[in-house]
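Listed below are the residues making up each chain.
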Amino acid sequence: MADEEREAKTVIPKENFSEWYNEVLRRAEIMDVRYPVKGLYVWFPFGLKLRNLIYSILRALLDEEHDEVLFPTLIPRTEFMKEEKHIKGFEDEVFWVTKGGVDELDVPLALRPTSETAIYPMFKVWIRSHADLPLRVYQIVNVFRYETKHTRPLIRLREVTSFKEAHTAHRSWEEAEAQVRKAINIYRAFYDRLAVPYIITKRPDWDKFPGAAYTIAFDTIMPDGRTLQIATIHHLGTNFAKTFDIKYEDIGGEYKYVHQTCYGISERCVAAVIATHGDDHGLVLPPEVAPTQIVIVPIIFSKDERSAAVIETCRSVHAALKNSFRVVLDEGEERPGAKFYKWEMRGVPLRIEIGPRDVSREECTFVRRDTFERFTVPLSNVVSEAEKVLKDVYENIWRRSKEHFASRIFDFCGNERGQGREDEIKECVRRGVVAIFMCGSEECGVEVKERFDADVLGEEVTTCLGDAGERRGCCIICGAEGKRTYIARTY
RNA sequence: GGGGCUGUAGGGUAGCCAGGGAUCCUGCCAGCCCGGGGCGCUGGUGACCGGAGUUCAAAUCUCCGCAGCCCCA
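Residues numbered from 1 in each chain as written. Chains lettered and ligands numbered in written order. Predicted model: local features only at pLDDT ≥ 70, side-chain atom pairs only at ≥ 80, totals over all residues. Heavy atoms only, no water.

**A look at the packing of helix α10 (residues 307-321) against helix α13 (residues 382-406)**
Put simply, the rule reads: Geometry is summarised by axes, namely lines fitted to C-alpha atoms with helices restricted to the contacting stretch, and by angles between N-to-C directions that run from 0 to 180 degrees. Each helix is a run of DSSP H or I of at least 4 residues and each strand a run of E of at least 2, with the numbering of both proceeding from the N terminus. Orientation is classified from the angle alone, with under 35 degrees giving roughly parallel, over 145 giving roughly antiparallel, 65 to 115 giving roughly perpendicular, and any other angle giving oblique. Definitions for this section: a left-handed crossing has its near helix turned counterclockwise from the far helix by less than a right angle. A right-handed crossing has that turn clockwise. Pairs of residues are marked as contacts when any of their non-hydrogen atoms sit within 4.5 Å. Gly counts as polar in this scheme, as do all residues outside two lists: the nonpolar Ala, Val, Leu, Ile, Met, Phe, Trp, Tyr, Cys and Pro, and the charged Asp, Glu, Lys and Arg.
Taken N-terminus to C-terminus, the directions of α10 and α13 make an angle of 60°; their axes are 9 Å apart at the nearest point. With respect to α13, the element α10 is oriented oblique. Here α10 runs over α13; the crossing is right-handed. The segment α10 lies against α13, with Val317, Ala320 and Leu321 engaging Val382, Val383 and Ala386. Classifying every residue of the contact of α10 with α13 by side-chain character gives 6 nonpolar, no polar and no charged.

See the structure below:
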């Protein structure tokens with residue numbers, strides 16, 4: 001086989017992100033895209049393990065102040081149709097169950113596109129007095145959207161298989177707003193642990209969640225420069241409380257509407273981890289969520305009488321590590337090189353090679369997935385060194401992804417920099433996110449789309465890199481007072 | 001919302017225009033040989049997206065459906 005062909009088989013260039021993404025999902029056994037319905041995909045065992053490890057982080061964060069609940073998948077049309085703006089936002093993309101067996105249903109049932117209208121009728125029943133507040137619950141459920149556009153595994157789905165949505169009710173606007181801030185911190189902690197960089201913005205009014213007072217969103221940047229929305233947080237005010245008549249009796253005996261929030265993350269968080277860290281060899285996973293954290297590969301020479309000792313050493317190293325790590329000893333028949341590629345594709349953060357040479361020197365060879373750096377470690381120190389390496393892998397990929405992220409945010413704020421540089425802005429939009437001053441009107445949003453071919457993410461709340469300097473300036477379109485606003489091509 | 005392209009073993013492909021025997025690589029299974037980055041050899045397994053039509057004959061032509069990809073708005 002020609003070197004060129006072998007190379008093509010071995011590595012997948014990440015420059016062509018779309019192709020890379022599909023190829024990695026298949027080869028790393030995350031998802032099988034061959035299910036014969038548009039927008040529905042199958043989780044492979046390895047992908048599901050990764051997913052569950054990622055979710056356990058979020059679960060732990062939410063469990064501190066939320067109770068987990070589970071609501072039905074089906075919502076009666078009568079409840080679903082109560083909130084006018086909410087309906088308008090979703091009616092084009094709802095799947096309906098209209099038949100039971102051969103009979104038409106009197107009241108059609110919606111497959112939830114989101115759960116507000118399932119949960120809030122029950123909130124009305126649950127909430128009596130101020131003592132019941134704050135009420136904070138979450139659930140991890142599937143939601144359905146009838147997407148007509150091109151769907152994409154983990155990113156644009158007809159069935160989101162694991163929407164992690166929280167719903168809260170409070171006594172006042174301020175208390176609900178404090179909850180919004182808490183939610184932001186929970187999601188920050190979550191993405192920090194995944195080493196996925198983010199920008200947090202307040203979505204423009206015309207792009208907020210249907211029925212919300214306002215929406216805060218997290219976006220990350222994909223390798224092709226487009227942004228991916230990876231979390232949203234909504235202050236609902238009393239909009240839904242009024243629709244569903246959710247009231248509490250305050251200390252003075254007066255009945256008041258509750259103020260609500262809701263916030264959620266879909267399986268896009270898994271896509272973000274894959275896309276952010278992966279390279280031409282496949283997945284690179286943060287050790288905390290890697291289904292296999294360490295793989296041990298024996299190097300055996302059949303004519304070498306030390307081979308038995310090699311296997312024995314591998315097994316004892318495996319035994320020493322398995323109490324502290326998710327570790328696999330690969331005793332398969334493949335040649336070492338094939339094993340290396342296989343485990344690299346699955347993103348295993350640390351590989352330990354043990355061969356006759358290592359055994360006679362009482363050491364082993366460590367190879368890091370993030371840097372491919374190779375070095376030897378005394379067998380007596382394997383556990384403590386592995387701990388060190390995994391910690392360092394996390395720190396390195398977090399530093400690396402933030403640097404890369406920073407290099408794709410282009411600042412056109414301050415000193416009238418934005419004006420007269422439209423071609424330059426347009427060029428930057430093709431590569432990442434652009435910060436400009438904007439007034440926030442929908443007219444100017446439409447104009448931004450036309451001039452720069454970019455969507456408005458929203459005004460800056462903060463980013464994983466900290467706050468940027470200048471926050472107020474003249475709108476790049478109309479010249480009115482504007483705020484620091486991010487624009488980008490979006491998924 | 002509009003337009004275009006595509007669908008051949010588990011994955012990647014040739015064949016299609018000009019109708020007749022389905023090509024090659026890889027994977028998988030068995031056996032050998034091996035092992036510090038996808039070694040090599042022998043044998044085996046496995047496919048024309050679904051349906052209808054035209055025809056003596058359809059992977060190939062026509063229509064419908066399903067699925068995927070790309071472009072424009």
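Now, onward.
**A word on the side chain of Glu353**
Under the convention used in this document: Two N or O atoms form a polar contact when they lie within 3.5 Å of each other; inside protein one atom must be a possible hydrogen donor and the other a possible acceptor, and for residues adjacent in sequence the pair counts only when both atoms belong to side chains.
By the secondary structure assignment, Glu353 is in strand β17 (residues 350-354). Of note is the side chain of Glu353, whose polar atom sits 3.3 Å from the side chain of Arg374. Discounting residues that sit within four places of it in the chain, Glu353 has contacts with Val297, Ile299, Phe340, Asp358, Cys364, Thr365, Val367 and Arg374.

**Some remarks on α10**
Which entries qualify depends on this criterion: Under the convention used throughout, the expected extent of a helix is 1.5 Å for every residue step, that is, one less than its residue count. Partly exposed describes any residue whose relative accessible area lies between the buried limit of under 20% and the exposed limit of over 50%, with all areas from a 1.4 Å probe on protein chains only and scaled to the type maximum. Comment: arc refers to directions from the helix axis out to C-beta atoms.
Taking 1.5 Å per residue as the helical rise, α10 with its 15 residues ought to reach 21 Å, and the 21 Å between its terminal C-alpha atoms agrees with that figure. Taken together, the buried positions of α10 are occupied by Ser307, Val310, Ile311, Thr313, Cys314, Val317 and Leu321. Projection of α10 onto a plane perpendicular to its axis shows the buried side chains occupying an angular sector of 160°, all on one side. Turned more than 90 degrees from where α10 packs its buried face, Ala308 and Glu312 sit exposed. Packing partners of the buried residues in α10 comprise β15 (294-298), β16 (327-329), β17, α12 (356-360) and α13.

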